[in-house]
Every structure is written in C-alpha cells, then in structure tokens.
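Chain by chain, the residues run as shown.
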Amino acid sequence: SCSAPHVPLVPALVKADIETLSREGITIVPIDPLGATVSGMDVRNPPSEAALRALEHSMALRGFIAITGCGVLSPNEQIKASCFFGGREMHSTHGVHPATPDMNEHIFRLSNDPRHGTLGVGPQWHNDGSFT
C-alpha cells in the first residue's frame, strides 16, 4: 500500500527550548493535538529573557501555552503576567463591564450572563495579544 507518512499539523516542541526552561525549573509538555502546558513558573515574577524567548517560541509553534499551578492571581498579577509576552505592554480598546474588578480597563469580561460580563462577542473575538 502507498500511504503518505503522517506529518503532524502542529510542530513538536524544540529540545533547546525545553532545556532552557528546565534550567529555570520550568517544565513544558505538549498537549495533543496542539498547545502546551507549562508548570513550575511563578508568573508573579518574570522569568529570564531566555526563558521568555523559549516560551514565546513554544507558543508560536504549538498555538498556545497554558501556565498551570499559579493559584489565584489578582487582576493586576494577571495583567503583569500578560505583559511578559508580545509587545510587553497593554493596549486595551474594549469597554469595561460594571463587574470588572476595580473597573480595570485592561480586563475584558466575557460571559453568557449580562450580570457577569459582556455578551455576544463571538463574531468579533480574536487575539491580538496575550490574554489571561
């Protein structure tokens, strides 16, 4: 039989990135079929530039990373962690829902319940940056 070899649609993690992260106690594991989970990273404190480059590269290859084991983050801690990636600053253009903690302009609350967040954003929802 002539069948083409299976070629993964999402690239594997890069060994050098895994090793860079490991040196800082950070573990990254691919999620099948896409994405990766990251553990051992305290998002309350920025990792080294080398680790950030490895995380951004892994995110670009796998589509997204899910950083686990951080506990409950305050709104400001979530915003600070978002600034580790991409342009490294927040530029928010959305409205602020009344249930938003501290009416923080950088938090976009989405919900299917109008008491908890903005409704009907599905047609416009996209990602121009890092969201937590």
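Described in the following lines is the structure provided in the data block. (Residues numbered from 1 in each chain as written. Predicted model: local features only at pLDDT ≥ 70, side-chain atom pairs only at ≥ 80, totals over all residues. Heavy atoms only, no water.)

## Quick word on the overall build of the protein
And then number 1: Helix and strand content of the protein: three helices and three strands.
And then number 2: Beginning at the N terminus, the succession of helices and strands in the protein can be written as α-β-β-α-β-α.
And then number 3: Expressed as a percentage of the 132 residues in the protein, the buried residues total 27%.
And then number 4: Long-range contacts, defined as pairs at least 24 residues apart, comprise 51% of the intrachain contacts of the protein with a sequence gap of at least 6.
And then number 5: Taken as a whole, the protein presents about 8,700 Å² of accessible surface, with 57% of it coming from carbon and sulfur. (Helix = DSSP H or I, 4+ residues; strand = E, 2+ residues; numbered from the N terminus. Buried < 20%, exposed > 50% of the residue type's maximum accessible area, 1.4 Å probe, protein only. Contact = heavy atoms within 4.5 Å. Areas by Shrake-Rupley, 256 points an atom, 1.4 Å probe, with all protein chains shown as cover.)

## Considering the sheet that holds strand S2 (residues 36-39)
And then number 1: Strand order in the open sheet made by the three strands is S1-S2-S3, with mixed pairing throughout. The sheet is open, and its two borders are formed by strand S1 (27-30) and strand S3 (65-67), each paired with just one other strand. Between one strand axis and the next, the sheet turns by 25° as a mean value, whatever way the strands run. (Pairing = 2+ DSSP bridges. Axes fitted to C-alpha atoms, helices over the stretch in contact; angles between N-to-C directions.)

Keep in mind these numbers describe shape, not what the thing actually does.
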